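Fold and geometry: a report
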Amino acid sequence: SQKIEQNSEALNIQEGKTATLTCNYTNYSPAYLQWYRQDPGRGPVFLLLIRENEKEKRKERLKVTFDTTLKQSLFHITASQPADSATYLCALGYQAGTALIFGKGTTLSVSS
Amino acid sequence: NAGVTQTPKFQVLKTGQSMTLQCAQDMNHNSMYWYRQDPGMGLRLIYYSASEGTTDKGEVPNGYNVSRLNKREFSLRLESAAPSQTSVYFCASSKRGGASYEQYFGPGTRLTVT
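Owing to the predicted nature of the structure, the values given are computational and were not obtained by experimental measurement. (Residues numbered from 1 in each chain as written. Chains lettered and ligands numbered in written order. Predicted model: local features only at pLDDT ≥ 70, side-chain atom pairs only at ≥ 80, totals over all residues. Heavy atoms only, no water.)

Below, the discussion takes up the overall build of chain B. In terms of regular secondary structure, chain B is built from zero helices and 11 strands. Counted from the first residue to the last, chain B has its helices and strands arranged as β-β-β-β-β-β-β-β-β-β-β. Projected onto its principal axes, the C-alpha coordinates of chain B cover approximately 35 × 25 × 25 Å. Taking the contacts inside chain B whose residues are at least 6 apart along the sequence as the reference set, 56% of them involve residues at least 24 apart. As displayed, chain B has an accessible area near 5,200 Å², and 48% of this comes from carbon and sulfur atoms. If you average the places of the 12 positive and of the 8 negative side-chain charges in chain B, the two averages end up 3 Å apart. (Helix = DSSP H or I, 4+ residues; strand = E, 2+ residues; numbered from the N terminus. Contact = heavy atoms within 4.5 Å. Areas by Shrake-Rupley, 256 points an atom, 1.4 Å probe, with all protein chains shown as cover. Lys, Arg positive; Asp, Glu negative; His and termini not counted. Charge placed at Lys NZ, Arg CZ, Asp CG, Glu CD.)

Shown next as structure tokens:
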């Protein structure tokens, strides 16, 4: 079965630096990869979606890359701020299915 | 628009009791989902409904039933609650089924079974 690993449970960085979160998967490559943000006590909120034929996607300070050779997606937050502190989830999806498979998440803490 | 709403926000049950978690969306979405989130386990899909009138099992369906009451509402029922069902439950919806559509999540229901 498909396995998803997000690089670490926690990542601590200083304000102004670039945060890089990793999502690795095993077996077959997904058609789509999504990233969500989750704040404590709240539901996940969609951030970005990238397709298998796209190498990179950007939205404001966010950038996602998708490398099907490495079976990896990287999620970058540039010029990070304390308000970016949250748990970030990656999720994989396949062309034929309707279900997303979520990773366990990485908790990012940005200190000022 | 309220988005996705869930009731109740918190619930404590005794083992063996039953309850229904309610979910509604006002975005005219076709697909709806129920997940549970446990520490160290991430979000796991319980059931989903790709469109009105259809439901399918997800990764962890045992002990649960669902009803897609209409296009707006998707309920999750625990017939005989067990301590292993202590979790945070999230309902979500998307414009259509399939991983090319983003999902919108509700605020969650925190359930404790004693």
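Before going further, it helps to examine the sheet that holds strand β3 (residues 19-25) of chain A. Residues and elements named next belong to chain A. Reading across the sheet, the five strands line up as β1-β3-β8-β7-β6 and stay open at both edges, with antiparallel pairing between neighbours. Strands at the two margins of the open sheet, each flanked by one partner only, are β1 (4-6) and β6 (56-59). Ignoring which end each strand starts from, the neighbouring axes of this sheet average 15° apart. One ladder, built from six bridges, connects β3 with strand β8 (residues 72-77); its direction is antiparallel. For Asn24, the partnering residue across the bridge sits in β8 and is Gln72. (Pairing = 2+ DSSP bridges. Axes fitted to C-alpha atoms, helices over the stretch in contact; angles between N-to-C directions.)

Below, the discussion takes up the state of the cysteines. Under the defined criterion, the tally for this structure stands at two disulfides over all chains. Each sulfur of the disulfide joining Cys23 of chain A and Cys90 of chain A lies 2.0 Å from the other. As the torsion about the S-S bond is roughly 60°, the Cys23 of chain A-Cys90 of chain A disulfide counts as right-handed. One end of the pair, Cys23 of chain A, is in strand β3; the other, Cys90 of chain A, is in strand β9 (residues 86-93), with 67 residues separating them in the sequence. Cys90 of chain A matches Cys23 of chain A in its accessibility class, with the two residues each being buried. Disulfide pairing is shown between Cys23 of chain B and Cys91 of chain B; the S-S distance is 1.8 Å. On the sign convention where negative is left-handed, the bridge of Cys23 of chain B and Cys91 of chain B, at about -70° about the S-S bond, is left-handed. Taken together, the positions of Cys23 of chain B in strand β3 (residues 19-25) and Cys91 of chain B in strand β9 (residues 87-94) put the pair 68 residues apart, joining distant regions of the chain. Judged by its relative accessible area of 3%, Cys23 of chain B falls in the buried class. Residue classification places Cys91 of chain B among the buried positions, given a relative accessible area of 0%. (Disulfide = S-S within 2.5 Å. Buried < 20%, exposed > 50% of the residue type's maximum accessible area, 1.4 Å probe, protein only.)

All names here are of chain B. Spatial strand order, β1-β3-β8-β7: four strands in an open sheet with antiparallel pairing. This sheet does not close on itself; its edge strands, each paired only once, are β1 (4-7) and β7 (64-68). Averaged over all neighbouring strand pairs, the angle between strand axes comes to 20°, with direction disregarded. Here β7 pairs with strand β8 (residues 74-78) via five bridges, running antiparallel. Its bridge partner being in β8, Tyr64 is matched across the sheet by Leu78.

Everything listed is a geometric property; what it means functionally is a separate question.
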